Amino acid sequence: MEITVEAIVFLVFSAITLGGALQVVLTRNLFHAALYLMLSLFGVAGLFVLLTAPFLAGAQVVIYIGAITILIIFAIMLTPQVTRVLKVHHTQWPVALALAALLFVGLVWTQTPLADELGADGWSADFTVEDPADVPADSLTDLGKSLVDPERYMLPFEAASLLLMAALIGAVLLVNRPDDNPDAEAAPAAGARPDQSG
Amino acid sequence: MTDTLVDIGLSHDLAVLIAKLVGVFVVATCGLLWTLFGIWLERKVSGRLQDRLGPNRVGPFGLFQTLADTIKILLKEDLVPDGADRWLFNLAPVLSTFSVLLLWVVIPFSAGWIGTDLSIGVLYLLAAGSLGMVATLMAGWGSNNKYALLGAFRAVAQLISYEVPMVLAMLVPVLMTGSMSLQAIVEGQYIAYGLAIPLTVFIFLASSLAEIGRAPFDLLEAESELVAGFHIEYSGMKFGLFYVAEFLHAFTVGVLATVLFLGGWRIPFVSAQDTPALLGFGSLLIKSLLVYLVIMWVRTTLPRVRIDQILEFNWKFLVPLSLANLLVVALLWKIVPDTDQIASVNDALLPTLVLLTANILLIVVTSLILRERGRRERAHIAALYGPVDGAADAAPAGVGD
Amino acid sequence: MFEVPGLGDLNVAATLPVTSLVLGTCILLIVDLFVPTDRKHITAWLAALGIGVLLVLALLALGEITEFGDGEEAFSGMFVADAFTDMINVIALITALLGVMVAYNYLERTGIQRGEYYVLLLFATAGVMFMGAAGDLVVVFVALELLSIPLYILSGFRRPQEASEESALKYFLLGAFASGFLVYGIALIYGATGTTNLHDIWQAAGDIVAGHKSGRFLLLGGAGLALVGLGFKVAAVPFHMWTPDVYQGAPTPVVAYMSVAAKAGGFAAMARVLASGLSNFALDPGEAAVWQDTVWLLAILTMLLGNVVAIVQTDLKRLLAYSSIAHAGYILIAVAAAGTAAVADEAVQSVAIYLMAYALTNVGAFAVIVAVERDDATNTGLDSMRGLANARPWLAAAMALFMFSLTGIPLTAGFVGKWFVFKAALAADLIPAAVVGVVTSLVSAFYYLRIVWLMYFEESEVEVSTPWPLAWAIGVASVGTLLLGMLPYILTDMVREITLAFGG
């Protein structure tokens, strides 16, 4: 592979993504794990930039780092374990490691003849854009329109909105205490009110 | 500048790189130097607003007060609390300032004066802003202090909640321009958007105030409850960095409001092509300072609200309102003819008037609903605990129950 | 601005069955707000009514009597409306109708009667129907999530009961993990072919096999990962671990619905993705599809494990969970058979037949469990069947019928399903799979017939509640099971038109 600036940047972002992901699993501190997750997702955003998809990169940061991971951290901070460093309680991991290694070796061993037969050809695809300049400059408008274009992605887009609604109903349903009186919903801050008059 | 560098024999890529680096250096340094003056201004203005004098000892009108403070802060001992998460504790203030400076990359200071005119400018602002949230969390958690942790808790609840109406408000100028690039938004404002959509400006400013954690939304650091919230354990220049970040963020909100709603660097009645770069910059600065003055005014006048009130205000008032607002604007923008080819003040006149009328209607309707709600609430409280202050317009007891 | 195509060009009419269901559900969601808590039977009635009307229309469409949702494809290939779609619609709607009938009184007596139950159930049904009509991998994915997410929530519907919460959490975590596999698979398939449209994928796969295009490994990886994701949804071994725990913990009416809906959706997606989009993806041109071997191996594993482990179960819900794993294995044989181009149509038809038979039988069996289950979610052990025949002869007869059908005894729907599946397997030369299928069916007779034995030849006190909706559901399911078993040509007629292969 020829060493270009893109290749170096790609390697750096890949290292961030994979290293971050690895640390999420390896670190014993839940809070650190969440921060490493953030780092990993940031690396993915970098890869999107490299692919000249700035919108996806921005959305990645806003949604995954700005909202989802932050909420994960919020949930972690609500657990009593937050300040404790987790210990490994089980002793089965060497067995798991050995099995995983065995599986990996097995896969490589069985697949190598096939890979040899197919050659490097099997790994690459033909439709890729060779020249980055061929990527439309204003892919943002194209993306936005294709989502609401009935000829393209309108159907899955609308179905996804249904999906989100179902998830929303479920979230409300699951956190709502069953003994709550639905009529009490009109005045949720009722518990905080007495100190106004007092 | 790129051309000059190419002329002296550098390759084009290298020249661009150097030019960009110099730009970054200049903007970041100017931004930080501006804080020295800005903090003095802020203290002076809020002093006057609260019937005090403000700083007046160091230098003429106390101008060098901030400088003196900076030197003091630099000389302070650098403390790291016992049991703190060192890495996070030290990284947080840097990240905090960093996230604000990042915002300046896409801000158009004048015609052609822009770091990078990203096609996703508005989205970028949100992305960079969310890094600040991470910094707050890191500080709150890394300090090993329960007040700091509580501050961080509140930060998450508040910042995430208020991001929703802020995004919905920022979408309105994006929708009207048809682009997320900030430069394009400025150039599209033949008549400042703020004149057409005052309600959106209000929503943006209110939610931004909460985003930067300023009074009346400064629950992240509420002195009376949390001592200082997430930065309670910080001293010396690390605290200084938080302070600078907070100030710069507040000022940046002023700049953003100007760019999004007040025509940015454009001078009224002068076309974008005819605006000299330097005058444009001056125009941006003056408008931003005016917006910032309003922010200071709010800060010094309004008392802090409770956390449940803050969240209620957001989810039950701002979010529905901003959704309705976005829908109304989107609909009208589609109905009014030729909104996609506005090229002069005259073209922009009709849409502006239509939107303004709609906005006023929306404001009136909202106020009526609020008035009714307030009346019922007061009657409810009166029925429960006896009459409240100012019960003159409260309905007779028992009506709301 | 882009040109807005007319409704005619888009063929929106083709999507009518599912769009009207979705619209109805949204209206129901709003109507439910105004239904007082103690009168939720209104919501249940409305849901059942809506499903009933759609079911009649879908049956008419299947019989080609009316033009309800016909017309090849809609939204430029995103949505396919063919005979397979109609069949999946019918299966999904029957399951939903029975699901509502089974649930109503159970929710009432366990104190979890809420309108959202029916809304979520309808959303899941819409997911199954979308899946049957998917002409694009994006739709497959969205439909799969639309099916799964309501099911995760429904599993935890008996909050704060711990078993129910545990079941929801397990299902959700593993389900999300499996979705990840599916998305990665879709990404790799896109990477190899440059499209997510199934017809275009079929063309690109043809080019890749013929050597005109590269990317064979990418496509192989993509197909494998997609198979993992879908295998999870249908509970194929080795992706079955969640099934017993989830089935045991979730409220029984939910399991009755979920055990069929998730399978119908998963197999519909498998049929669309493997038997249709990747049907010609072989290592050498003219051979059977490359995924065939994997699928029949999975099928053998699934049948063996499901049937053998079911023998030692003492809880009815767990037993039926392992039985449902086993049945996934039988259907997988049919999917594997679809890898041979010559028998592809026959194999896909047998998938549809089996799903139909399984839907009626399995919902019926779970409905009987609902009848014997106590309000505190106990009494679902094998013992609860003891002496049922004396106390409630009709209920016992129905349960016996369901057990016979699940075993695959002639004159029941289950037999018809197995018959066509094994026939397709033999036609595709999958002799080992067919042999294992027959042998494991014999094994399964042991635990199914033990239940019949307990009902008829043992004595015990029985306490059963069969309010009329539940009784009707059991009645409909048993009549259906019997009818389809005695008159198999009803089923073969229903699926006659199904053909998924592109371009012949």
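Residues numbered from 1 in each chain as written. Chains lettered and ligands numbered in written order. Predicted model: local features only at pLDDT ≥ 70, side-chain atom pairs only at ≥ 80, totals over all residues.

## Re the overall build of chain A
Under the convention used in this document: Comment: elements are numbered from the N terminus, with helices defined as DSSP H or I runs of at least four residues and strands as E runs of at least two. By the convention adopted here, residues are in contact when the distance between their C-beta atoms, placed from the backbone, does not exceed 7 Å.
Along its length, chain A carries seven helices and zero strands. Long-range pairs, those at least 24 residues apart, make up 50% of the contacts in chain A with a sequence separation of at least 6.

## Section: the overall build of chain B
For clarity, the threshold we go by: Radius of gyration here is computed from C-alpha atoms only, and the compact-globule reference equals 2.2 Å multiplied by the residue count raised to the power 0.38. Counting other C-beta atoms within 10 Å of a residue's own tells you its class, since 20 or more makes it buried, 12 or fewer makes it exposed, and anything in between is partly exposed; those C-beta atoms are placed from the backbone.
Assigned secondary structure in chain B consists of 14 helices and zero strands. Order of helices (α) and strands (β) in chain B, N terminus to C terminus: α-α-α-α-α-α-α-α-α-α-α-α-α-α. Here the C-alpha radius of gyration of chain B, 23 Å, is about what a compact globule of 401 residues would show, namely 21 Å. Dimensions of chain B, computed from the C-alpha atoms along their principal axes, are close to 85 × 65 × 40 Å. Within chain B, the fraction of its 401 residues that count as buried is 43%.

## Examining the packing of helix α4 (residues 83–110) of chain C against helix α19 (residues 468–486) of chain C
Working note: a packed helix pair is described by the angle between its axes plus the distance between those axes. Residues and elements named next belong to chain C. Applied cut-off: A fitted line through C-alpha atoms serves as each axis, taken over the contacting stretch for helices, and the angle formed by two N-to-C directions is quoted from 0 to 180°. Should an angle lie under 35 degrees it is considered roughly parallel, over 145 roughly antiparallel, and from 65 to 115 roughly perpendicular; all remaining angles are considered oblique. Note on convention: near helix rotated counterclockwise from far helix by under a right angle means a left-handed crossing. Clockwise means right-handed.
Following both chains from N to C, one finds α4 and α19 inclined at 150°, their axes separated by 7 Å at the closest point. On the basis of the axis angle, α4 is roughly antiparallel to α19. Handedness of the α4/α19 crossing: left-handed. On α19, the residues that touch Leu 98, Met 101, Val 102, Tyr 104 and Asn 105 of α4 are Pro 469, Leu 470, Trp 472, Ala 473, Val 476 and Ala 477.

## Brief notes about the packing of α4 of chain C against helix α11 (residues 252–277) of chain C
Residues and elements named next belong to chain C. Using the following cut-off: Polar here means any residue other than Ala, Val, Leu, Ile, Met, Phe, Trp, Tyr, Cys and Pro, which are nonpolar, and Asp, Glu, Lys and Arg, which are charged; Gly is therefore polar.
Running from amino to carboxyl end, α4 crosses α11 at an angle of 170°, the nearest separation of the two axes being 8 Å. Considering the angle they form, α4 stands roughly antiparallel to α11. Across from Phe 84, Ile 88, Ile 91, Ala 92, Thr 95, Gly 99, Val 102, Ala 103 and Tyr 106 in α4, the residues of α11 making contact are Thr 252, Pro 253, Ala 256, Tyr 257, Val 260, Ala 261, Ala 264, Ala 268 and Ala 271. For the contact of α4 with α11, a count of residues per class yields 15 nonpolar, three polar and no charged.

## Observations concerning the nonpolar core
The criterion, for reference: For the purposes of this analysis, a nonpolar core is taken to be any set of buried Ala, Val, Leu, Ile, Met, Phe, Trp, Tyr and Cys residues that are connected through C-beta atoms within 7 Å.
With 223 residues, the main nonpolar core has Val 100, Leu 146, Ile 333, Val 335 and Ala 367 of chain C as its most contacted residues. When neighbours within four sequence positions are excluded, Ile 333 of chain C is seen to be in contact with Trp 296, Ala 299, Val 421, Ala 425, Leu 430, Ala 433, Ala 434 and Gly 437 of chain C. The next biggest cluster of nonpolar side chains, apart from the first, holds 116 residues, and it includes Val 44 and Leu 140 of chain A together with Leu 88 and Ala 155 of chain B.

## Some thoughts on helix α14 (residues 345–385) of chain B
Residues and elements named next belong to chain B. Put simply, the test is: Expected span of a helix: the number of residues minus one, times 1.5 Å.
Between its first and last C-alpha, α14 extends 57 Å over 41 residues, near the 60 Å set by a 1.5 Å rise per residue. Every buried residue of α14 is accounted for by Ala 348, Pro 351, Thr 352, Leu 355, Asn 359, Ala 379, His 380 and Ala 382. Packing partners of the buried residues in α14 comprise α8 (193–196), α9 (198–212) and α13 (307–335). The positive-phi residue at the C-terminal boundary of α14 is Gly 386, with phi of around 90°.

## Examining the confidence of the model for chain B
Predicted coordinates in areas of low pLDDT are best not read in detail. Residues and elements named next belong to chain B. Applied cut-off: For every residue, the predictor reports its confidence as pLDDT, a number between 0 and 100.
With 93% of its residues at a pLDDT of 70 or more, chain B has an overall mean of 81. Mean pLDDT across the elements of chain B ranges from a minimum in helix α10 (residues 223–226), with 65, to a maximum in α9, with 88. Overall, residues 394–401 carries pLDDT values under 50, and its contacts beyond four positions in sequence, including any with other chains, amount to 18 contacts. Predicted as a complex, the structure gets a pTM of 0.85 and an ipTM equal to 0.85.

## Some points on the arrangement of the chains
There are two pairs of chains in contact here, and the one with the most contacts is chains A and C. At their nearest point, the C-alpha atoms of chain B and chain C are still 9 Å apart, with no contact between the two.

## Describing the interface of chain B and chain A
A common way to report how large an interface is uses the accessible area buried once the components associate. Listed as interface residues are 21 residues of chain B and, on the opposing side, 22 residues of chain A. It is helix α5 (residues 121–142) of chain B that contributes the most residues to the side of chain B that touches chain A, nine residues altogether. Partitioning the side of chain B that touches chain A into residue classes produces 17 nonpolar, two polar and two charged.

## Regarding the environment of Ser 139 of chain A
Structurally, Ser 139 of chain A can be placed in helix α5 (residues 139–148). In the structure, Ser 139 of chain A is positioned 92 residues away from Leu 47 of chain A in sequence and 16 Å away in space, judged by C-alpha atoms.

## A few points about the confidence of the model for chain A
Per-residue confidence for chain A averages 76 on the pLDDT scale, and 70% of its residues sit at or above 70. Note on residues 181–198 of chain A: pLDDT is under 50 here. Beyond four places in sequence and across chains, it has nine contacts.

## Some words on the environment of Val 142 of chain C
Inspection of the secondary structure assignment puts Val 142 of chain C in helix α6 (residues 137–155). Given 25 C-beta atoms within 10 Å, Val 142 of chain C falls into the buried group. Measuring from C-alpha to C-alpha, the distance between Val 142 of chain C and Tyr 257 of chain C comes to 20 Å, with 115 residues separating the pair along the chain. Beyond its immediate sequence surroundings of up to four residues, Val 142 of chain C is in contact with Pro 156, Ala 159, Ala 160 and Leu 163 of chain A.

## Observations concerning the domain arrangement of chain B
Residues and elements named next belong to chain B. Short version of the rule: Residue ranges assigned to each domain were obtained from an automatic or database domain assignment.
What the domain assignment reports for chain B is domain 1 (1–75) and domain 2 (79–335). With 16 residues of domain 1 in contact, the opposing surface of domain 2 contributes 16 residues. If you list the elements that add at least two residues to the side of domain 1 that touches domain 2, you get α2 (12–49) and α3 (65–75). Broken down by element, the residue count for the side of domain 1 that touches domain 2 peaks at twelve residues, all from α2. Of the residues assigned to the side of domain 1 that touches domain 2, the class counts are eight nonpolar, seven polar and one charged.

## Side note on the environment of Val 291 of chain B
Residues and elements named next belong to chain B. In this structure, Val 291 sits in helix α12 (residues 277–301). For the pair Val 291 and Gly 151, spaced 140 residues apart in the sequence, the C-alpha separation amounts to 28 Å. Not counting residues up to four positions away in its chain, the partners in contact with Val 291 are Gly 254, Ala 257 and Thr 258.

## What about unusual backbone geometry?
Across the junction of Val 237 of chain C and Pro 238 of chain C, the peptide omega takes the value 5°, indicating a cis bond. Mapping Pro 238 of chain C onto the fold places it in the loop between α9 (216–233) and α10 (242–249). Located in the positive-phi region is Asp 51 of chain B, a residue other than glycine, with phi close to 60°. Of note, the phi angle at Leu 411 of chain C is positive, near 75°, even though the residue is not glycine. Looking at where Leu 411 of chain C falls in the secondary structure, it is placed in the loop between α16 (393–407) and α17 (413–427).

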